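Okay, here's what each chain looks like letter by letter:
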There are 2 protein chains.
Amino acid sequence: MSVDPLRHIPEATVNRLPLYLRALVEAAEGKHPTISSERLAERAGVNAAKVRKDLSFLGSYGTRGVGYDVEGLLFQIRTELGLTQDWPVVIVGVGNLGHALANYRGFGARGFEIVGLVDNDPSKIGEEVAGVEVRPLEELGDVVSGTSPAIGIIATPAAVAQDVADRLVAAGVSSILNFAPTVLSVPSNVSVRKVDLAIELQVLSFYNQRQSETGAAAG
Amino acid sequence: MSVDPLRHIPEATVNRLPLYLRALVEAAEGKHPTISSERLAERAGVNAAKVRKDLSFLGSYGTRGVGYDVEGLLFQIRTELGLTQDWPVVIVGVGNLGHALANYRGFGARGFEIVGLVDNDPSKIGEEVAGVEVRPLEELGDVVSGTSPAIGIIATPAAVAQDVADRLVAAGVSSILNFAPTVLSVPSNVSVRKVDLAIELQVLSFYNQRQSETGAAAG
DNA sequence: AGATGTGAAGCGGTTCACAGCT
DNA sequence: AGCTGTGAACCGCTTCACATCT
């Protein structure tokens, strides 16, 4: 059924496809039906050569002398990213962060549907957040069973994150977004991405320090 | 005053120093005063060769046949990352995410101090979040003036993020952590890192799709 | 003329493998 | 004997530069 057998798309390219997608969505609101690699690059914050190389991995969807057809390329990238279907998402941990994530407008709009909120704090069970009822951690399996492979979001303290990850994997979740500041070990067929506030701040601290050193007295 | 003139530390290494820092903090709670690259690698989720190469950029702080002195290396990495001083942080945008960030325990604990919460919604001004009063966007300059170069966190909608970035830069902020789904342009002496939920989900969607394709019928 | 698509060169980062130190 | 520190090989990604097509 696939249009093209699984080409190999470099990881670095996959990471940028969402940038192009966003840039194209914006461009689609404008009046030009096509866009050049130059302009697409500008909107996505990368350089034009990279755009052309990246898009060439998807196949040839541009026209020489003209540019890329915005709508056509949008469809192509959405298909490539698997955004033509809705993915079920389960959020584990309904603290401050879990709340903020659940209320994030952009799940539904972008093809992700929150099918479950789960927590292990009895006082939170039954509470309704963003229109979804919080259920006990033990019911994780029920929450994601029968759906397409779900995406799990870990928004718990670090201490329980590995346990949660194990449960997610056992429940059949095949991708995990980890907000807990800890290294997770999962089977190799499960994808994990992490978002770690402390790391981001510490890296910025490094450059901040360099900045103030070089900016300071040159004697 | 610097112990060593600015060596060049590769970006990839800088990005991993926080991982080593965390692993070392955990190791320091154990009973071994030293740790091998092998064990440090395991805790940080990388491989041993990388650990040794990375640490070699900081200088020689290991002992052959023994390993690295945990406390010594902790100090060294903290110094390198600029975590021996407190950095002021200002959060712009006090919506769901801003709230969650402000309440994040780990700012103070890790050497970051929230010196300001700022929003442009009049109904939020004066509200107190995590012990800090929300002030109008216009007062951004006052909030960060007189401090060391601050770190700005953008937790606003995408539409106003560039304006906020411009104001942060004008106020003297030298590093920005951007949670808004948009490309920012800033002067080259300002560091920007971004955290983008939609991108993370879309990348996971890509691998999720690959997973279900290859996992499905092989006919 | 104008912009894509792509070999080839260049670059940074990872991994190997072992010399060197304790 | 054990583990670090590091040159060298390797690998993937980025950038260049231009042939190719509309």
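Computed from a prediction, not measured in an experiment: that's the story for all the values here. (Residues numbered from 1 in each chain as written. Chains lettered and ligands numbered in written order. Predicted model: local features only at pLDDT ≥ 70, side-chain atom pairs only at ≥ 80, totals over all residues. Heavy atoms only, no water.)

## Looking at the domain arrangement of chain A
Step number 1: Under the domain assignment, chain A is made up of domain 1 (11-81) and domain 2 (87-199).
Step number 2: Taken over C-alpha atoms, the centre of domain 1 of chain A sits 31 Å from the centre of domain 2 of chain A. (Domains from an automatic or database assignment.)

## Re the sheet that holds strand 6 (residues 128-129) of chain A
Residues and elements named next belong to chain A.
Step number 1: Taken together, the 7 strands give an open sheet; going across it, the order is 6-7-5-4-8-9-10, and neighbouring strands pair in mixed fashion. In the strand order of this sheet, the two ends are held by strand 6 and strand 10 (191-194), each with one partner.
Step number 2: Lying over the sheet, helix 7 (residues 158-170) contacts strand 4 (87-92), strand 8 (151-154) and strand 9 (175-178), oriented at roughly 170° with respect to strand 8. (Pairing = 2+ DSSP bridges. Helix = DSSP H or I, 4+ residues; strand = E, 2+ residues; numbered from the N terminus. Contact = heavy atoms within 4.5 Å. Axes fitted to C-alpha atoms, helices over the stretch in contact; angles between N-to-C directions.)

## Some thoughts on the nonpolar core
Step number 1: Counting 98 residues, the largest nonpolar core has I77(A) and I77(B) as the members making the most contacts within it.
Step number 2: Beyond its immediate stretch of four places on either side in the chain, I77(B) contacts L17(B), Y20(B), L21(B), L24(B), L55(B) and L58(B). (Core = buried A, V, L, I, M, F, W, Y, C linked by side-chain atoms within 4.5 Å. Buried < 20%, exposed > 50% of the residue type's maximum accessible area, 1.4 Å probe, protein only.)

## Some details on the protein's contact with DNA strand D
Step number 1: The full set close to DNA strand D counts 25 residues, and R16(A), N47(A), R64(A), S37(B) and Y68(B) are the nearest of them.
Step number 2: Of what DNA strand D places within 4 Å of the protein, 66% of the atoms are sugar or phosphate.
Step number 3: Interatomic distance of 2.4 Å between a side-chain N/O atom of N47(A) and a phosphate oxygen of DNA strand D.
Step number 4: Interatomic distance of 2.6 Å between a side-chain N/O atom of R64(A) and a base oxygen of DNA strand D.
Step number 5: Within the residue set of the surface near DNA strand D, elements represented by two or more residues are helix 1 (11-28) and helix 3 (48-58) of chain A together with helix 3 (48-56), strand 2 (62-63) and strand 3 (67-69) of chain B. (Near = heavy atom within 4 Å. Polar contact = N/O pair within 3.5 Å; in protein donor to acceptor, adjacent residues only side chain to side chain.)

## Side note on the sheet that holds strand 3 (residues 67-69) of chain A
All names here are of chain A.
Step number 1: Taken in spatial order, the 3 strands make up an open sheet running 1-3-2, and their pairing is antiparallel. On the outer flanks of this sheet lie strand 1 (34-35) and strand 2 (62-63), each paired with one strand and no other.
Step number 2: Alignment of strand 2 against strand 3, held across 2 bridges, turns out to be antiparallel. Paired with G62 across the two strands is Y68, which belongs to strand 3.

## Side note on the protein's contact with DNA strand C
Step number 1: Around DNA strand C there are 24 residues in total, and S37(A), R64(A), Y68(A), R16(B) and N47(B) lie nearest to it.
Step number 2: A share of 65% of the atoms of DNA strand C within 4 Å of the protein falls on sugar and phosphate groups.
Step number 3: In this structure, a base nitrogen belonging to DNA strand C sits 3.1 Å away from a side-chain N or O atom of R52(A).
Step number 4: At the level of elements, helix 3, strand 2 and strand 3 of chain A together with helix 1 (11-28) and helix 3 of chain B are the ones that each hand at least two residues to the surface near DNA strand C.
Step number 5: When grouped by side-chain class, the residues that make up the surface near DNA strand C number 5 nonpolar, 10 polar and 9 charged. (Nonpolar A, V, L, I, M, F, W, Y, C, P; charged D, E, K, R; others polar.)

## Regarding the relation of the copies chain B and chain A
Step number 1: In screw terms, the move from chain B to chain A is a rotation of 180° and a rise of 0.0 Å along the axis, fitting with an RMSD of 0.0 Å. Here the copies are linked by what is in effect a two-fold axis.
Step number 2: By residue overlap, the copies meet face to face through one surface: 100% of the interface positions of chain B are interface positions in chain A. (Least-squares fit on C-alpha atoms with pLDDT ≥ 70 in both.)

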